[in-house]
Amino acid sequence: MTSTLSKPRSTLLITAAILVLIGAAGWAMVHKADAQGTPKVAPGAISVSTAAVKQQDVPMYLSGVGTVTSNASVTVKARIDGQLDKVGFVEGQDVKAGQLLAQIDPRTLQAQLDQAVAQKAKDQAQLVNSRLDLQRYTTLVQQDAATQQTLDATKAQVNQLQAAVQADEAQINFAKVQLSFTRILAPISGRVGARLVDPGNIVHAADTNGLVVINQIDPIAVVFTLPEETFQSINSALRGSQKPLSVQTYARNSSAMLAQGNLALLNNQIDTSTGTVQLKGIFQNPSHVLWPGQYVNVRLVLGDRKQALTVPAAAVQRSQDGTYMYVVGADSSVKIQPVQVANIQDGLAVIDKGVEAGQRVVVDGQYKLKPGAKIIEASAAAAPVDSTAKAGK
């Protein structure tokens, strides 16, 4: 009976010894991996993310919202009254300056021109006859065969007929101009809109709507506003640049650039009701990526800041005393460093004063810090967990 009970007991003891040996071996492997693969973490070190202060060229710009407008817009109207015979354009098409847009019935004005030409011919014939009379009376007066009064009257008649011919010439020119108004030509190149009058209608010079509207869309303009506080920066950039400032446009829902052009206008006064100054950029638009009435985001590039000190914008902290950052020392401790921020854009902060290139600053985890605290990179702090998981596998 006793021998029967001793066999299970010995088996249990052997199994327990084997489990103890396996646990000891696993503990030794884990601690060996930790010692070889991960740095020692100082007691109480706080896990944060840091970045180095970089020195690089940074474009300086001002951002605003703009509206695309036609560089030129013309409402084409009739300059005379008459019946519209035909229309020479298709709605929505591009037209060239000088292209025929519409034709008004020219018959009445053509008849007036013909009448003026005939009147000139009549007056010219009378003028020729009067000049011959003048020559005859001049000879007769020299021979005492005619009176001086008759000669003077003939000279006056010649002068009257010369004036009549000049008036006829002016009337002919006027009639030609009126007749040319029956052919309505495009005053600018651009794209026509909807046709406002159909052929067969009577049009008048006093009509307010006109026949069609032409908008010039290549080149095209973008009008935008910036706060009045930016005026001095813009003015300084304009005075210091030998070429126009660059203007960039972006879609409202995308970071893709649509077009790049030049600043054409800095308005001559600040709008006191809104506290903004109006600007306008001109863009070449062959692909028609910009369209009148479209809202776009606008960047006015003032120039490049050469070799500027930059840090991620998240590193900049604010307090009642101004802006500051946590700077990491050689012993992995942090201190508060006041800084002067020139500008923040595209996730980068441009620093005028307070840090030097190569220094490391905290960009994430500042809320856990205080001056003198020891820190460790978040990636390094996470490494022991990863090693343990790897060893467990």
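Residues numbered from 1 in each chain as written. Predicted model: local features only at pLDDT ≥ 70, side-chain atom pairs only at ≥ 80, totals over all residues. Heavy atoms only, no water.

Student: Provide a residue-level description of helix α2 (residues 107–142), including the pertinent values.
Tutor: A rise of 1.5 Å per residue sets the reference length of α2, with its 36 residues, at 52 Å; its end C-alpha atoms lie 53 Å apart and thus fit the reference within 8%. All of the buried residues in α2 are Leu109, Leu113, Ala116, Lys120, Asp123, Leu127, Ser130, Leu134 and Val141. Looking at the packing, one finds that the buried side of α2 touches α3 (148–180). (Helix = DSSP H or I, 4+ residues; strand = E, 2+ residues; numbered from the N terminus. Expected span 1.5 Å × (residues − 1). Buried < 20%, exposed > 50% of the residue type's maximum accessible area, 1.4 Å probe, protein only. Contact = heavy atoms within 4.5 Å.)

Student: Outline the pattern of salt bridges, listing residues and values.
Tutor: Counted under the stated rule, the structure contains eight salt bridges. Between arginine 107 and aspartate 105 there is a salt bridge whose closest N-O contact spans 2.9 Å. By relative accessible area, aspartate 105 is classed as buried at 18%. Of the charged contacts, one joins arginine 305 and aspartate 352 as a salt bridge, the two residues approaching to 3.1 Å between their closest N and O atoms. Taken as a pair, arginine 305 in strand β13 (residues 295–312) and aspartate 352 in strand β18 (residues 348–353) lie far apart in primary sequence, 47 residues in all. Among the residues examined, aspartate 352 registers a relative accessible area of 40% and is labelled partly exposed. (Salt bridge = Lys/Arg side-chain N within 4 Å of Asp/Glu carboxyl O.)

Student: Tell me about the packing of aromatic side chains, and please be specific about residues and values.
Tutor: By the definition in use, this model includes one aromatic pair. Note on tyrosine 324 and tyrosine 326: the rings are 6.0 Å apart at their centroids and 80° apart in plane angle, and the pair reads as edge-to-face. Tyrosine 326 shares its class with tyrosine 324; the two are buried. Across from the ring centre of tyrosine 250, 4.9 Å away, lies the NZ or CZ of arginine 299, which sits over that ring. (Phe/Tyr/Trp six-rings, centres within 6.5 Å; stacked < 30°, edge-to-face > 60°. Lys NZ or Arg CZ within 6 Å of the ring centre and 35° of its normal.)

Student: Which residues make up the side chain of threonine 310, and what values go with them?
Tutor: Locating threonine 310 in the fold gives a position in strand β13. A distance of 2.8 Å separates the side chain of threonine 310 from the side chain of glutamine 56, its partner in a polar contact. Beyond its immediate sequence surroundings of up to four residues, threonine 310 is in contact with Ala52, Val53, Lys54, Gln56, Val58, Leu348, Ala349 and Val350. (Polar contact = N/O pair within 3.5 Å; in protein donor to acceptor, adjacent residues only side chain to side chain.)

Student: I'd like a description of unusual backbone geometry, backed by residues and values.
Tutor: Between aspartate 218 and the following residue, proline 219, the backbone shows a cis peptide bond with an omega angle of 5°. Structurally, the position occupied by proline 219 is in strand β9 (residues 212–227). A positive phi angle, near 65°, is found at serine 332, a position not held by glycine. Considering the arrangement of structural elements, one finds serine 332 in the loop between β15 (322–328) and β16 (334–338). Accessibility expressed as a relative area gives 31% for serine 332, which makes it partly exposed.

Student: Account for the nonpolar core, with residues named and values stated.
Tutor: Grouped together as the largest cluster of nonpolar side chains are 25 residues, with contacts concentrated most on Leu101, Ile104, Ile184, Val203 and Ile214. Looking at this core, the elements with two or more residues in it are β5 (100–104), α2, α3 and β9. In this structure, valine 203 is in contact with Ala78, Ile80, Asp81, Gly82, Leu84, Ile104, Val197 and Leu211, ignoring residues within four places of it in sequence. If you look at the next biggest cluster of nonpolar residues, it comprises 20 residues, including Val68, Ile220, Leu279 and Val298. (Core = buried A, V, L, I, M, F, W, Y, C linked by side-chain atoms within 4.5 Å.)

Student: Quick one: what's the story with the sheet that holds β5, residue by residue and with numbers?
Tutor: With antiparallel pairing, the four strands of this open sheet are ordered in space as β6-β5-β3-β8. Since the sheet does not close on itself, it has two edges, and those belong to β6 (183–185) and β8 (202–203), each with one partner. Here strand β3 (residues 82–87) runs beside β5; their pairing, made up of three bridges, is antiparallel. Bridged to lysine 86 within β5 is glutamine 103. (Pairing = 2+ DSSP bridges.)

Student: Could you give an account of the packing of α2 against α3, naming the residues involved and the relevant values?
Tutor: A pair of packed helices can be characterised by two numbers: the angle between their axes and the separation between those axes. Where α2 meets α3, the closest approach of the two axes is 8 Å, and the angle between their N-to-C directions is 160°. The pairing of α2 with α3 is recorded here as roughly antiparallel in orientation. Seen along the crossing, α2 lies across α3 with a hand that is left-handed. Counted by class, the contact of α2 with α3 contains 16 nonpolar, 14 polar and eight charged residues. (Axes fitted to C-alpha atoms, helices over the stretch in contact; angles between N-to-C directions. Parallel < 35°, antiparallel > 145°, perpendicular 65-115°, else oblique. Left-handed = near helix turned anticlockwise from the far one by under 90°. Nonpolar A, V, L, I, M, F, W, Y, C, P; charged D, E, K, R; others polar.)

Student: Any details on the confidence of the model for the protein? Residues and values, ideally.
Tutor: Of all residues in the protein, 85% attain a pLDDT of 70 or more, and the chain-wide mean is 85. By mean pLDDT, helix α5 (residues 378–392) is the weakest element of the protein at 53, and strand β12 (residues 276–283) is the strongest at 95. Counting contacts from residues 1–7, a segment whose pLDDT is below 50, to residues more than four positions away or on other chains yields zero contacts. With pLDDT under 50 throughout, residues 385–393 is counted as low confidence; its partners more than four residues away or in other chains account for four contacts. (pLDDT = per-residue confidence, 0-100.)

Student: Can you lay out the environment of threonine 150 for me, pointing to particular residues and giving the numbers?
Tutor: The residue threonine 150 is located in helix α3 in this model. Along the chain, threonine 150 and tyrosine 137 lie 13 residues apart, while their C-alpha atoms are 7.4 Å from each other.

Student: Describe the pairing of β13, and please don't skip the residues or the numbers.
Tutor: Where strand β2 (residues 54–76) and β13 come together, 13 bridges link them in antiparallel fashion. Across the sheet, residue serine 63 finds its bridge partner in β13, namely arginine 299. Judged from the five bridges that link them, strand β10 (residues 246–250) and β13 form a sheet pairing that is antiparallel. Paired with tyrosine 250 across the bridge in β13 is asparagine 297.

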